[in-house]
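# Structural description and commentary
These are the residues of each chain, in order.
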Amino acid sequence: MTYYLNIGSNLDDREGNLWAADLRLSLDLGLVTARSTIVESKPWGFESDNGFLNMGIAVESRYSPIEALNIIHDIEQELNHGHSHRDNEGNYVDRLVDIDIMAIDDLVIDLPSLQVPHRHLPHRDFFLRPMAELAPEWQHPVLRLTAQQMLDALNQE
């Protein structure tokens, strides 16, 4: 299976954090077959003076989606030194590393712990730009739009 992941960081050595996550994913999850350029973005869903760097990667993996999610959560916990990307009230906070599954091939998964494609994919520029680079032919299995088409629609809002 091909996993399309987005790695984000808005604390400390942001670019170094992206590469640390990339390395861990390549060691623990599977073969990284493509990387997008790094894009800058403002925090989404919370206020912070710390901007994000984001990078998309494509990973070929033998793991099931739930196994992959657990591996990703373990990597996040380790790289964030045990800190969550949410506060006690469930609000987003600054983080060293955040890893999101944007899509897995053409799968549709709707579980409490995992929604694929990512439910915010059509609304996040910092997801869509890397995704359009990684997989220009990929189409959202429900919306039947490419990442570039979703990005064009988002930019028209």
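In the block above lies the structure referred to throughout.
Report follows, based on the coordinates. (Residues numbered from 1 in each chain as written. Predicted model: local features only at pLDDT ≥ 70, side-chain atom pairs only at ≥ 80, totals over all residues. Heavy atoms only, no water.)

## A closer look at the environment of phenylalanine 127
Operational definition: Secondary structure elements follow DSSP: runs of H or I no shorter than four residues count as helices, runs of E no shorter than two count as strands, and numbering proceeds from the N terminus. For this analysis, residues touch if any pair of their heavy atoms sits within 4.5 Å.
Turning to its location among the elements, phenylalanine 127 is positioned in helix α3 (residues 125-134). C-alpha of phenylalanine 127 to C-alpha of leucine 5: the two residues are 122 residues apart in sequence and 8.8 Å apart in space. Once you skip the residues sitting within four places of it in the chain, phenylalanine 127 turns out to touch Asn6, Asp100, Met102, His118, His120 and Leu121.

## Some details on a nonpolar patch on the surface
Inclusion rule: Patches here: salt-bridge-free residues with over 30% relative accessible area, like charges joined within 9 Å, nonpolar side chains (Val, Leu, Ile, Met, Phe, Trp, Tyr) joined within 5 Å. In these tables, accessible area is a Shrake-Rupley quantity obtained with a 1.4 Å probe, and a residue counts as shielded only by the protein chains included in the view. Put simply, a salt bridge is a Lys or Arg side-chain nitrogen that is within 4 Å of an Asp or Glu carboxyl oxygen. Remark: exposure states derive from per-residue accessible area (1.4 Å probe, protein chains only) relative to the maximum for the residue type, with buried under 20%, exposed over 50%, and partly exposed in between.
There is a patch of nonpolar side chains on the surface, built from Val108, Val142, Leu143 and Leu145 and spanning about 330 Å² of accessible area. Position of leucine 143 among the secondary structure elements: in the loop between α3 and α4 (147-156). You can call leucine 143 partly exposed: its relative accessible area is 41%.

## As for the side chain of histidine 118
Applied cut-off: Residues adjacent in sequence count toward polar contacts only when both atoms are side-chain atoms; beyond that, a polar contact is any pair of N or O atoms within 3.5 Å, and within protein one must be able to donate a hydrogen and the other to accept it.
Among the structural elements, histidine 118 can be located in the loop between β7 (115-116) and α3. A distance of 3.0 Å separates a polar atom in the side chain of histidine 118 from the backbone nitrogen of histidine 120. Other than its neighbours up to four places away in sequence, histidine 118 contacts Asp100, Ile101, Met102, Arg124 and Phe127.

## What to know about the nonpolar core
Our working rule: Buried residues of nine kinds, namely Ala, Val, Leu, Ile, Met, Phe, Trp, Tyr and Cys, make up a nonpolar core once their side-chain atoms join them within 4.5 Å.
If you look at the biggest cluster of nonpolar residues, it comprises 27 residues, and the most contacted ones within it are Leu5, Ile7, Leu25, Leu29, Ile57, Ile99 and Ile101. Of all elements in the fold, only β1 (2-9), α1 (14-28), β4 (52-60), α2 (65-79) and β5 (98-104) reach the threshold of two or more residues within this core. In terms of residue count, α2 provides more of this core than any other element does, 6 residues in total. Contacts of isoleucine 7, omitting those with residues within four sequence positions, involve Leu18, Ala21, Asp22, Leu25, Leu53, Asn54, Met55, Ile57, Val97, Asp98 and Ile99. Core analysis: the second largest hydrophobic core is formed by 18 residues, Tyr4, Val39, Ala135 and Leu154 among them.

## Side note on the pairing of β1
The side chains of a regular strand alternate, residue by residue, between the two faces of the sheet. Basically, it comes down to this: A pair of strands is treated as paired once DSSP finds two or more bridges between them.
By the criterion of burial, β1 is predominantly enclosed, with 8 of the 8 residues buried. Residues Thr2, Tyr4, Asn6 and Gly8 of β1 are buried on one face, and the alternating residues Tyr3, Leu5, Ile7 and Ser9, pointing to the opposite face, are buried as well. For β1 and β4, the ladder comprises 8 bridges, and the chain directions are antiparallel. Looking across to β4, one finds that threonine 2 is bridged to glutamate 60.

## A closer look at the packing of α3 against α4
Condition: With axes taken as lines fitted to C-alpha atoms, and helix axes fitted only over the stretch in contact, angles between N-to-C directions fall between 0 and 180 degrees. Two helices crossing with the near one rotated counterclockwise from the far one by less than a right angle form a left-handed crossing, whereas a clockwise rotation gives a right-handed crossing. Any residue outside Ala, Val, Leu, Ile, Met, Phe, Trp, Tyr, Cys, Pro, Asp, Glu, Lys and Arg is labelled polar, Gly included; the first ten of those are nonpolar and the last four are charged.
For the pair α3 and α4, interaxial distance at closest approach is 8 Å and the crossing angle is 145°. Every pair of crossing elements has a handedness; the one defined by α3 and α4 is left-handed. Contacts between α3 and α4 involve Asp125, Leu128, Arg129, Met131 and Ala132 from the first element and Ala147, Gln148, Met150, Leu151, Leu154 and Asn155 from the second. When its residues are assigned to classes, the contact of α3 with α4 shows 7 nonpolar, 2 polar and 2 charged.

## Thoughts on the packing of aromatic side chains
For the record, the criterion: Side-chain rings of Phe, Tyr and Trp (the six-membered ring for Trp) are treated as a pair once their centres are within 6.5 Å; stacked means planes under 30 degrees apart, edge-to-face means over 60, and tilted covers the remaining angles. Lysine NZ or arginine CZ positioned within 6 Å of the ring centre and within 35 degrees of the ring normal marks a charge as sitting over the ring.
Applying the stated rule across the entire model yields 3 aromatic pairs. Judged by centre distance (6.3 Å) and plane angle (90°), the ring pair of phenylalanine 46 and phenylalanine 52 falls under edge-to-face. Judged by its relative accessible area of 13%, phenylalanine 46 is buried. Through a chain of ring-to-ring contacts, the aromatic side chains of Phe46, Phe52 and Tyr92 assemble into a single cluster. Over the face of the ring belonging to tyrosine 63 we find arginine 62, whose NZ or CZ atom lies 4.4 Å from the ring centre. In this structure, arginine 124 is placed above the aromatic ring of tryptophan 44, and the distance from its NZ or CZ to the ring centre is 4.0 Å.

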